[in-house]
Amino acid sequence: MGTVWLIASGKGGVGKSTLASSLSVALNERSKSVCLVDMDFGLRGQDNLFGVQDRIIFDLLDVCEGTCELDAALIRPYASRGLCLLSAPQFARSKDLDGKAYRDLIARLAARFDHVIIDCPAGMEQGLRLSMKATVQETVVVVTPDDLCLRDAQQIISLMEKKHLPRPRLIVNRLFPDLVESGEMHSAKVCAQFLDVQLLGEMPDDSNVYRAQLSHLTVLDIDCPAAAAIRRIAGRMLQEDVPFPDFGKKRSWLSRFFRPGLAEMKRV
């Protein structure tokens, strides 16, 4: 049986879906078969991230309702790779999905793939609650290092505890090393300590992520800091001992002297 990963976030806009797609590709690079399940009914985005939106005919609701066979709904973004996407419906709501049929579907996928990654909708949506009832081995919460996002993540973690899910691990996205060093931004370790969860990964803010998205590529197609961070996280997902980089580590006196300083914050 494969490992089922549930990826959630307390609020939208933290980069959860982009991380889910990138991690799927990174695991597939390691010769693992992966199925990415988009559970964001009505606002699906994984098909667009992979540039396969014109190939979607059937979705997971069709499979659960028996309208089509599973293979008809699985889309392979790359013909030569063992990576599949099961898209969410665009014109339906998660309340239309039968819970038992969905749980059975996830079990079928787990029997077929090494890893099943469920990209849940942001917040405490019905899509998240349905996914929490499936057999899940690993949970991940994605945050940005700001107080609002951390507060919302607390609510998601509390809900996971009530549903008796595995204790989540944390990915902290959009870290600015200069802001961490200056003390204006929480470090990834501080975020993990605040939420009392294990740190799975930390992602530097990298414009190449958006550049890749604009071209319907994954960030792994570009040699950049974000791609290296994604591959480190994928290694930890496979139980490898991957060290954490020191984002925001104090730099030498000489490097700080020749680096442009941060502008002073002034109220207008």
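Residues numbered from 1 in each chain as written. Predicted model: local features only at pLDDT ≥ 70, side-chain atom pairs only at ≥ 80, totals over all residues. Heavy atoms only, no water.

**Notes on the overall build of the protein chain**
- Looking only at helices and strands, one finds 12 helices and eight strands in the protein chain.
- Expected size for 268 residues packed as a compact globule is a radius of gyration near 18 Å; at 19 Å, the protein chain falls within 12% of this value.
- Dimensions of the protein chain, computed from the C-alpha atoms along their principal axes, are close to 65 × 40 × 40 Å.
- Taking all 268 residues of the protein chain together, 52% fall into the buried category.
- The contacts of the protein chain with a sequence gap of at least 6 include a subset with a gap of at least 24, amounting to 76%.
- Working note: accessible area of the protein chain is about 13300 Å², and carbon and sulfur atoms make up 49% of it.
- Computed over 34 positive and 34 negative side-chain charges, the inter-centroid distance for the protein chain is 3 Å. (Helix = DSSP H or I, 4+ residues; strand = E, 2+ residues; numbered from the N terminus. Rg over C-alpha atoms; globule rule 2.2 N^0.38 Å. Buried < 20%, exposed > 50% of the residue type's maximum accessible area, 1.4 Å probe, protein only. Contact = heavy atoms within 4.5 Å. Areas by Shrake-Rupley, 256 points an atom, 1.4 Å probe, with all protein chains shown as cover. Lys, Arg positive; Asp, Glu negative; His and termini not counted. Charge placed at Lys NZ, Arg CZ, Asp CG, Glu CD.)

**Side note on the pairing of strand β4 (residues 83–86)**
- Burial along β4 is two-sided: Leu83 and Leu85 facing one way and Cys84 and Leu86 facing the other are all buried.
- As paired strands, strand β2 (residues 34–38) and β4 are joined by four bridges and run parallel to one another. The residue bridging valine 37 from the neighbouring strand is leucine 86, located in β4.
- Inspection of the sheet shows strand β3 (residues 74–75) paired to β4 by two bridges, in the antiparallel sense. Following the sheet pairing, leucine 74 is matched in β4 by leucine 86. (Pairing = 2+ DSSP bridges.)

**Notes on the pattern of salt bridges**
- Under the criterion given, the structure shown has nine salt bridges.
- One salt bridge connects arginine 30 with glutamate 240, and the closest N-O pair in it is separated by 2.2 Å. Taken together, the residues arginine 30 in the loop between α1 (16–29) and β2 and glutamate 240 in the loop between α11 (225–237) and α12 (253–257) connect sequence positions 210 residues apart.
- Judged by relative accessible area, arginine 30 falls into the partly exposed class, the value being 33%.
- Between aspartate 196 and arginine 167 there is a salt bridge; the shortest N-O distance is 3.9 Å. Pair noted here: aspartate 196 is in the loop between α9 (188–195) and β8 (198–204) and arginine 167 is in the loop between α7 (147–162) and β7 (169–175), with a separation of 29 residues, a long-range link. (Salt bridge = Lys/Arg side-chain N within 4 Å of Asp/Glu carboxyl O.)

**Structural notes on the confidence of the model for the protein chain**
- On average, the protein chain scores 90 in pLDDT, and the residues at 70 or more come to 91%.
- α12 is the least confidently modelled element of the protein chain, averaging 48 in pLDDT, while strand β6 (residues 138–143) averages 98, the highest of any element. (pLDDT = per-residue confidence, 0-100.)

**Observations regarding a positive patch on the surface**
- On the surface, Arg103, Lys133, Lys162 and Lys163 cluster together into a positively charged patch.
- Of note, arginine 103 is situated in helix α5 (residues 99–112).
- Of the residues examined, arginine 103 reaches a relative accessible area of 31% and is grouped as partly exposed. (Patch = residues over 30% accessible without salt bridge, like charges linked within 9 Å, V, L, I, M, F, W, Y side chains within 5 Å.)

**Some remarks on the nonpolar core**
- Core analysis: the largest hydrophobic core is formed by 90 residues, its most contacted members being Val37, Leu86, Leu109 and Leu170.
- Excluding residues that lie within four positions of it along the chain, leucine 109 makes contacts with Cys35, Val37, Leu70, Leu74, Leu86 and Val116. (Core = buried A, V, L, I, M, F, W, Y, C linked by side-chain atoms within 4.5 Å.)

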